[in-house]
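Observations on chain architecture
Now for the letters of each chain:
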Amino acid sequence: MRFDELDFEPSLIDGIDAMNFQEMTPVQEKAMPVVMEGKDLIACAQTGTGKTAAYLLPLINQLLRKPSKDKVRAIIMAPTRELAQQIDQQLEGISYFVPISSVAVYGGNDASAYETQKQAMKNGTDIIIATPGRLISHIKMENADFSGVEHFILDEADRMLDMGFYDDIISIVKTLPVKRQTVMFSATMPAKIKKLAETILHEPEFVNVAISKPAEGITQQAYICYETQKRMLVQKLLANNSVDKTIIFSSSKQNVKDVYNALLRMKIKVGAMHSDLDQAFRDEVMLDYKSGKINVIVATDILSRGIDIEGIDMVINYDVPHDAEDYIHRIGRTARANRQGVGITFVSEKDQDRFGMIEQFLEKEIEKMPLPEELGEGPAYEPRLKGKGGRRRQNNNRSQTAKGKQPNANSHKPNADGKHNNKPKTDGNESQEPKANRQHFKPNANGDESNKPRRYNNHHRRFNNRNRGNNNSQQGDLAKDDSVG
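I will try to describe carefully the structure that is included in this document. (Residues numbered from 1 in each chain as written. Predicted model: local features only at pLDDT ≥ 70, side-chain atom pairs only at ≥ 80, totals over all residues. Heavy atoms only, no water.)

**As for the sheet that holds strand E13 (residues 341–347)**
- Spatial ordering of the open sheet is given by E10-E11-E9-E12-E13-E8-E14, a layout of seven strands whose pairing is parallel. The open sheet has two edge strands with one neighbour each: strand E10 (270–273) and strand E14 (367–368).
- In the sheet, strand E12 (residues 314–317) pairs with E13 via four bridges, with the strands oriented parallel. Counterpart to Val 315 in the pairing with E13 is Gly 343.
- The strands touched by helix H12 (residues 279–291) within the sheet are strand E9 (246–249), E10 and strand E11 (296–299), with E10 carrying the most contacts at an inclination of about 140°.
- Of the strands in this sheet, strand E8 (218–224), E9, E12 and E13 are in contact with helix H13 (residues 324–331), which crosses E12 at around 145°. (Pairing = 2+ DSSP bridges. Helix = DSSP H or I, 4+ residues; strand = E, 2+ residues; numbered from the N terminus. Contact = heavy atoms within 4.5 Å. Axes fitted to C-alpha atoms, helices over the stretch in contact; angles between N-to-C directions.)

Right, dumping it as structure tokens:
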């Protein structure tokens, strides 16, 4: 189905053409007619399926057909500042030719940005794109009148709940009119999402776009290794691959910092992205990456969703993602728009069961690559799979032993430098091999929403300034994102 088959306003069609939207994705085809009718909707769809346009286009179309009230008319909630920025950029592009105003509300910057957000809401901007914590801050300071809100949209609702925003969302809902349209998009549908939907939605329609498998253009590989071998392995991979853009994901901020510093010492043009960095620095890293000033980013899962960057050749999972959905989100940063890419995962002993479950979900065995010789041998791959009756064993990168002989149980383990140079003692006793680092890093949500406001859309406000007399808005960037969602 094509976009021009729906009853969009002519000025909105101009924006759709400018964004080069042509054929709808499955979630757009199913969700947009429901949203255009003004019905409540809960849609299960993952990042990369075009869900952003699936709610932005019908939202803008409805706002165009109703007179402005000089009040906030729509609120879009996002879990992180990065996703809020991405939604804001796409809204900016789609609505370039229409008299719709918007403001992105997220923290992490100086008082002047907060004041800009405050004034925009008081002047009645049409659309707010906000993170929960920052919006709650404005509500407590009585900076906004939400009595005119007609549309309330939650993007990546499951992630917001994972980050502990349930109470904030309920608090925000209490400030909204009871009669409104509520739309919720979520990549998964756990019990807590169903509970939230029952609380804030009214007789919703349901759209389900099943979790897709990784794109065909992604070559998936895995290295079975010890924790102590990972840093040298990533250095070897980057030294031996001539790729333009790479993202290295880790669930641990400390791992991100360590790998970043190691790559800096190798004179690699690298940047880091995690929640300890202020927003201005993170924005600069993203600009440098997009412009080619740096070609490697080491990041937490803050970059795994809601960020669309073209031309990423390789994604490295420094540790195994929490589940199959996160795995698909991570490696899905490459091979976009029918391109080719490589998704590599380092699988340590403690992560084998989790990786085995990912393979089980994907219904395929991911190719196991041999470790470079200088790193020595890694552990056997023996994940315990639910419903499969015990462990599955693969020799992967172990050297073949003579028939009938078994290697020393500890002889394959690397030393602290990741090298395989430990030898048995000459007195016949087994040497005490250094144990693999078993420190367990809990996945970090890394999307703290203390976000830096980027701007108040000047090119939107110029249409409304004639009626509202507001000349205090800031100049915004042109929309850089040409993706569908």
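**A look at the environment of Lys 71**
- Mapped onto the elements of the fold, Lys 71 is located in the loop between helix H3 (51–64) and strand E2 (74–77).
- According to the relative accessible area criterion, Lys 71 is partly exposed, its value standing at 32%.
- Between the C-alpha atom of Lys 71 and that of Met 121, which follows or precedes it by 50 residues, the distance is 7.7 Å.
- If we skip the residues at most four places from it in the chain, Lys 71 touches Gly 124, Thr 125, Asp 145, Ser 147 and Gly 148. (Buried < 20%, exposed > 50% of the residue type's maximum accessible area, 1.4 Å probe, protein only.)

**Remarks on the pairing of E8**
- Summarising burial for E8: six of the seven residues are buried, a large majority.
- In the sheet, E8 pairs with E13 via seven bridges, with the strands oriented parallel. Residue pairing across strands places Gln 220 opposite Gly 343, the latter belonging to E13.
- In the sheet, E8 pairs with E14 via two bridges, with the strands oriented parallel. Looking at E14, one finds that Gln 221 is bridged to Glu 367.

No statement about biological role is implied by the geometric values presented.
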